[in-house]
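# Structural description and commentary
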Amino acid sequence: TVAVRDGSGNLTANVFNGTATAAQYADLAEKYISDKEYEIGTVVKVGGSQEITIADNGDRAIGVISGSPAYLMNKDLTAPDGFFSQAVALKGRVPVKIKGSVRKGDRIVSGTNGHGKATGPTSTDVFAIALETNLDWDVKTVECVIL
């Protein structure tokens with residue numbers, strides 16, 4: 001087939017061989033089958049009735065639901081009826097739902113109901129580092145780097 005460029009200058013092709021020098025977004029993600037459809041920034045773990053489910057306090061988180069990954073692996077994964085194929089940020093900069101006060105540089109672990117929380121330096125289940133400070137105790141979205 002022939003590559004096609006639309007009126008906006010976007011190029012469409014089945015296979016592109018080349019070198020990318022920049023990306024519009026900031027995370028590396030992979031699609032997994034989830035037992036429910038989760039919002040962007042929700043902390044997830046391996047488990048549930050499919051591959052991933054919402055993480056809870058003390059769970060080993062693998063990442064968060066990504067909205068706009070810079071690089072998406074396993075992009076054609078389809079979920080069985082009643083389940084969802086969702087991109088999970090595994091590395092890079094993404095918004096994370098956080099409950100409780102957080103400061104730039106804090107280590108983030110899984111908290112309750114798919115939220116992250118700041119933890120002390122001895123925790124072994126750290127999956128992210130906060131990139132900004134937000135001292136509000138309610139649930140909010142905080143920019144973090146997934147480790």
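Quick summary incoming for the structure in this document.

Rules used throughout
- Residues numbered from 1 in each chain as written.
- Predicted model: local features only at pLDDT ≥ 70, side-chain atom pairs only at ≥ 80, totals over all residues.
- Heavy atoms only, no water.
- Core = buried A, V, L, I, M, F, W, Y, C linked by side-chain atoms within 4.5 Å.
- Buried < 20%, exposed > 50% of the residue type's maximum accessible area, 1.4 Å probe, protein only.
- Helix = DSSP H or I, 4+ residues; strand = E, 2+ residues; numbered from the N terminus.
- Contact = heavy atoms within 4.5 Å.
- Pairing = 2+ DSSP bridges.
- Polar contact = N/O pair within 3.5 Å; in protein donor to acceptor, adjacent residues only side chain to side chain.

### Quick look at the nonpolar core
Formed by 16 residues in total, the largest nonpolar core has its most connected members in Val64, Val96, Ile108, Phe127, Cys144 and Ile146. Of all the secondary-structure elements, those providing two or more residues to this core are strand E8 (84-99), strand E11 (128-130) and strand E12 (139-146). The element contributing the most residues to this core is E8, with four residues. Among residues more than four places away in sequence, those in contact with Ile146 are Val64, Ala89, Leu90, Lys91, Gly92, Val94, Val96, Phe127 and Ala128.

### Remarks on the pairing of strand E9 (residues 107-110)
Every regular strand shows the same layout, with side chains that alternate between the two sheet faces. Pairing geometry for E9 and strand E10 (residues 116-119), over four bridges, is antiparallel. In the sheet register, Val109 faces E10, and the bridge partner there is Lys117. With antiparallel pairing between neighbouring strands as the criterion, E9 and E10 make up a hairpin whose turn holds five residues, including Asn113 at a positive phi of roughly 55 degrees.

### Quick notes on the side chain of Ser66
Mapping Ser66 onto the fold places it in the loop between strand E6 (63-65) and strand E7 (71-73). Residue Ser66 is classed as buried on the basis of its relative accessible area of 10%. Side chain to side chain, Ser66 and Asp27 meet in a polar contact 2.9 Å long. With residues up to four places along the chain from it excluded, the contact list for Ser66 reads Asp27, Ala29, Ile40, Ala87, Val88 and Ala89.

The values reported here are purely geometric and, on their own, carry no functional implication.
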